[in-house]
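Residue-level structure breakdown
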Amino acid sequence: MDHNRKCKSCDVKITITEEELLDLIDDLRKRGVDIASYDVYQRRLEKCYKCPHLDLTGTCQLCGCFVKIRAYDKNKDCPDYCESRWQDI
Ligand code: SF4
């Protein structure tokens, strides 16, 4: 399976490589975004991986973010309108 294939309708890749992920996280740092601790990051991702709103590409269907990026931002929260799944983290 080619994980770097592009979406036919919008010409945007549906997955990112680990290298691209690291570049995006580095970009967050350069923009002065507060980075969550590694422990918080891992616990947030554990919640996402059990969440019905996460699609197979690692994108949250509620906010459209790659959760591996969103979870790094200390000041972001889970966008679930019923109750944040990250609130006890
Ligand atoms: S709704 Fe919250 S827990 Fe679920 S995938 Fe989105 S960010 Fe993660």
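The coordinates are above.
Parameters at a glance
- Residue numbers restart at each chain and count upward from 1, following the sequence in its written direction.
- Selection of residues for local features in this predicted model requires a pLDDT of at least 70, selection of side-chain atom pairs for listing and counting requires 80 or more, and totals for whole chains, interfaces and linings are taken over all residues.
- Secondary structure counts use DSSP, requiring at least four H or I residues in a row for a helix and at least two E residues in a row for a strand, with both numbered from the N terminus.
- Every C-beta atom is placed from the backbone, and the number of other C-beta atoms within 10 Å of a residue's own sets its class: buried at 20 or more, exposed at 12 or fewer, partly exposed in between.
- For each residue, a C-beta atom is placed from the backbone, and the residue is labelled near a molecule or strand when this atom is within 6 Å of it.
- Any residue that is not Ala, Val, Leu, Ile, Met, Phe, Trp, Tyr, Cys, Pro, Asp, Glu, Lys or Arg is counted as polar, Gly included; the first ten are nonpolar and the last four charged.
- Residues are defined as contacting one another if the C-beta atoms placed from their backbone atoms lie within 7 Å.

What about the overall build of the chain?
Within the chain, the secondary structure is distributed over three helices and zero strands. For the chain, the succession of helices and strands along the chain, N to C, is α-α-α. Here the chain holds 89 residues, and the buried ones make up 8% of them.

Some details on the site of the ligand
Contacts to the ligand come from K47, C48, C51, H53, L54, C60, L62, V67, C78, P79, D80 and R85. For the shell around the ligand, the class distribution of residues is eight nonpolar, one polar and three charged.

Quick notes on the environment of K68
If you trace the backbone, K68 turns up in helix α3 (residues 67–70). On the basis of neighbour count, K68 is assigned to the partly exposed category, with 18 C-beta atoms found within 10 Å. C-alpha separation for the pair K68 and L21, spaced 47 residues apart in sequence, amounts to 7.8 Å. The residues contacting K68, other than those within four sequence positions of it, are L21, L45 and G58.

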